[in-house]
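One-letter residues, chain by chain:
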Amino acid sequence: NADSAMYRAKEIGRNNLQLFDVEMALKAHEKLRRHEELRDAIARGEFVLHYQPQMNLKTQRIFAAESLLRWQHPQRGMVLPGEFIPLAEETGLIVPIGDWVLNEACRQNKAWQDAGLPSIVVSVNVSARQFKERNWVSRVAEALEVSGLEARYLELEVTESLIMQDVVTAVATMHELEALGVHLAIDDFGTGYSSLSALKSFPVRRLKIDRSFVQDIPDDADDMAITGAIISLAQKLQMQVIAEGVETQAQVDFLAASGCDDIQGYFISRPVGAAAFVALLAG
Ligand code: C2E
Ligand code: MG
Ligand code: MG
Ligand code: MG
């Protein structure tokens, strides 16, 4: 009857609620555990930088590398940034982690120079949380000073969305960084929403064309049109332009014919550890 049906419905509701609570508690616990693991990863020396070479299309030489963070987890093995950067950003741990990356990239680049290898630019990805720290510019200056690396061998990659969160402040910070002699690049260009009129006020040296526009070249005519347009935009704004995620000869041919300066992607090399990168640089 209706009464017992009501009773059953309440009972099910209660059980579901309990199940839901347990699940929530487990999720919260798991998240706390991940947070603690991530927090301790720096002190435990579990982070490592990999380097992905960038090649100039005219000279065919490797002239730069992007540093990409990896977490050597004791149980989970090599963890990629997609799996821990979001939590690091959410919790603010990206600030100390980002400091580690910045200092390690500068130290490593200087060590390569001291070892007599050809001098290259090493780029570091900067997240919005870091960039907005009040003393961000002095942290960069300090990393250069401690490592002894000349500023022109450091590049910082920021995204359009980072800049557009607060254009006025971001542009001012970019000018301070430029005054240090550090180079700036816009990462994942084309996926954000920066207006073209704002773009001309950014003191950036390079645009990095997002991999999503490159991956379907030469099959997707729209992507080819967009890539070509970004290249000519960069040229007109006197910026360098690099294509990310280049995997095939056909892509290289299209980019070279379109006047793209540089390429980065599996076609040249995957991101590799420091020792393997030295072999690429020396070879
Ligand atoms: P990103 O800065 O756009 O880096 C390029 C990503 O594309 C890297 O993924 C790289 O391994 C991958 N990639 C490069 N060439 C190719 C290719 O030819 N094909 C394909 N399929 N993929 C390619 P990764 O290393 O997993 O990094 C992902 C993202 O994590 C980066 O995107 C960057 O936004 C972020 N990230 C990495 N390291 C750091 C860091 O030290 N700090 C911060 N804040 N973010 C970082
Ligand atoms: Mg990047
Ligand atoms: Mg990118
Ligand atoms: Mg990206």
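Just above sits the structure.
Note that the structure is predicted; figures quoted are calculated from it, not measured.

Conventions used here
- Residues numbered from 1 in each chain as written.
- Chains lettered and ligands numbered in written order.
- Predicted model: local features only at pLDDT ≥ 70, side-chain atom pairs only at ≥ 80, totals over all residues.
- Heavy atoms only, no water.
- Helix = DSSP H or I, 4+ residues; strand = E, 2+ residues; numbered from the N terminus.
- Buried < 20%, exposed > 50% of the residue type's maximum accessible area, 1.4 Å probe, protein only.
- Contact = heavy atoms within 4.5 Å.
- Areas by Shrake-Rupley, 256 points an atom, 1.4 Å probe, with all protein chains shown as cover.
- Donors = N, O, S within 2.8 Å, 3.2 Å for Na, K, Ca; no water.
- Expected span 1.5 Å × (residues − 1).
- Arc of directions from axis to C-beta.

Colleague: I would appreciate a short explanation of the overall build of the chain in the present structure.
Modeller: The helix and strand inventory of the chain stands at twelve helices and nine strands. Considering the chain as a whole, with its 283 residues, one finds that 43% of them fall into the buried category. Sequence separation of at least 24 residues holds for 66% of the intrachain contacts in the chain that already meet a minimum separation of 6. As displayed, the chain has an accessible area near 14600 Å², and 54% of this comes from carbon and sulfur atoms.

Colleague: What is the right way to read the environment of Leu280 from this model?
Modeller: With respect to the helices and strands, Leu280 occurs in helix 12 (residues 274–282). You can call Leu280 partly exposed: its relative accessible area is 30%. Leu280 sits eleven residues away from Ser269 along the chain, and the two C-alpha atoms are 8.8 Å apart. Filtering out sequence-adjacent residues up to four positions away, Leu280 remains in contact with Pro53, Ile62, Ser269 and Val272.

Colleague: Is there a simple way to think about the coordination of the magnesium ion (ligand 3) in this case?
Modeller: Note on metal sites: the ideal angle is 109.5 degrees for four tetrahedral donors, and 90 or 180 degrees for six octahedral donors. Only Asp187 (OD), Asp188 (OD), Glu244 (OE) and Glu244 (OE) from the protein coordinate the magnesium ion (ligand 3), and they sit 2.0 to 2.4 Å from it. On the primary sequence, the residues serving as donors to the magnesium ion (ligand 3) are separated as D-D-x55-E. Separating the magnesium ion (ligand 3) from the magnesium ion (ligand 2) is a gap of 4.1 Å, which Asp187 spans by donating to each of them. Asp187 gets classed as buried once you look at its relative accessible area, which sits at 7%.

Colleague: Would you mind showing me how to read helix 5 (residues 136–147) here?
Modeller: An α-helical turn contains 3.6 residues, so any two residues separated by three or four positions project in the same direction. With twelve residues, helix 5 extends 17 Å between its outermost C-alpha atoms, agreeing within 8% with the 16 Å of an ideal straight helix rising 1.5 Å per residue. For helix 5, the full list of buried residues reads Trp136, Val137, Val140, Ala143, Leu144 and Ser147. Buried residues of helix 5 fall within an arc of 120° about the axis and therefore sit on the same side. Opposite its buried face, helix 5 presents the exposed residues Glu142, Glu145 and Val146, each directed more than 90 degrees away. For helix 5, the elements touching its buried residues are helix 3 (94–114), helix 4 (128–131), strand 5 (154–159) and helix 7 (167–180).

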